[in-house]
Amino acid sequence: MATPLQTSNTIDFNSARLSLSKAQQTPPSESVREDYSERRYRMASSLQTTLDIEQLLQLFLAEIKPSVELDGLQYINENQRLQSVTGRKASHSCGYRLITANDHLGEIVFYRNTRFSDQNLQAIEVMLSALICPLRNALSYREAVMASLSDPLTGAGNRIALNNALEREINLASRFKQPLSILVMDIDRFKHVNDTFGHSAGDAVIKHLVAIINKINRNTDLTFRYGGDEIVILLNRTNADGALVIAERLRKSFDTQQLQFGDDLIHTTVSIGLTAFSEQDSAETMFTRADKALYLIKSEGGNKVIGL
């Protein structure tokens, strides 16, 4: 019977030498005995060649397979919102929480079509010790990259991240003939909020807007803070009609909620311009068209959705 993740083992990798000494004290399985030291050394060297987590997991699976027959593995890190499957899932699994004295590096689950023997588990646990340092380095690198592409106030992507994502999504939409839409929105009378309640209240309203977006939108939708109170959302695999439905849902949700800020209740609305990708579009033309729709709404008093 498969071992569910919630009852997975906890491995404390506070000292990699502990795992190694255990392996030396306990008679190793035949697969571990065969060139054990050389295999572990080669694995450690191989895993240090990349800081990309997907590539790291692929390398680790390839290196461990000569010792334990596996169909795939799943890695989960809730702190970094990571969930990755390498290979494929199967009917039997064993899971481990990767814990050190200073951090929790996530959880890893191994899959195969036959039961895991004690020798299999011993081999996996020994090999896992070689993954810890490379995994920590890859997570630190990813965290630094994500921080450089995130807006510190809202946690949404920043302008650099938007430029990269829009180019990528347009290339995908063009290559695979998939719909793509973009929403550009800002908060109506935002200057009045700042002038009346202060800039801290303005920041709170922007965070409130992004929180509503994250609650309503799909996991695949991408949210960015373009600047000030202007927010951009990329809706992949969504045509103009679908984008209009999503935009109206966002507009109504924001309009019907008030933000409690200290002793004050702040009510604001948003204007949303939208457009859908056409084969002639570049990132610049697509964004400009949605931005033009936004400013058309602003000239009409706001709290509307218009598509161009």
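Structure: above.
Predicted model, so just to flag it, every value in this text is computed and none were measured.

### Side note on helix H4 (residues 53-64)
Its 12 residues give H4 an end-to-end C-alpha distance of 16 Å, which sits within 8% of 16 Å, the value for a rise of 1.5 Å per residue. When we look at burial in H4, the residues that qualify are Ile53, Leu56, Leu57, Phe60, Leu61, Glu63 and Ile64. Take H4 and look down its axis: the buried residues cluster within an arc of 165°, on one side only. Regarding H4, its N-cap is Asp52, as a side-chain oxygen of that residue lies 3.2 Å from the backbone nitrogen of Glu54 further along.

### Remarks on the pairing of strand S7 (residues 222-227)
Note: S7 against strand S8 (residues 230-236), five bridges, orientation antiparallel. Paired with Gly227 across the two strands is Glu230, which belongs to S8. Counting the residues in the hairpin turn of S7 and S8 gives two residues, including Gly228, whose phi is positive at 60°.

### Structural notes on the sheet that holds strand S6 (residues 180-187)
Here five strands make up an open sheet; going across it, the order is S7-S8-S6-S11-S12 and the pairing mixed. Only two strands of the sheet have a single partner each, and these edge strands are S7 and strand S12 (305-307). The sheet shows a mean angle of 20° between the axes of neighbouring strands, taken without regard to direction. The sheet contact formed by S6 and strand S11 (residues 270-276) spans seven bridges and is antiparallel. Note on S11: the bridge partner recorded for Ser181 is Ala276. Across the sheet, helix H7 (residues 159-176) touches S6, S7 and S8, and the angle it forms with S7 is around 135°. Sitting on the sheet, helix H9 (residues 199-216) touches S6, S7, S8 and S11, and the angle it makes with S6 is about 150°.

Criteria and thresholds
- Residues numbered from 1 in each chain as written.
- Predicted model: local features only at pLDDT ≥ 70, side-chain atom pairs only at ≥ 80, totals over all residues.
- Heavy atoms only, no water.
- Helix = DSSP H or I, 4+ residues; strand = E, 2+ residues; numbered from the N terminus.
- Expected span 1.5 Å × (residues − 1).
- Buried < 20%, exposed > 50% of the residue type's maximum accessible area, 1.4 Å probe, protein only.
- Arc of directions from axis to C-beta.
- Polar contact = N/O pair within 3.5 Å; in protein donor to acceptor, adjacent residues only side chain to side chain.
- Pairing = 2+ DSSP bridges.
- Axes fitted to C-alpha atoms, helices over the stretch in contact; angles between N-to-C directions.
- Contact = heavy atoms within 4.5 Å.

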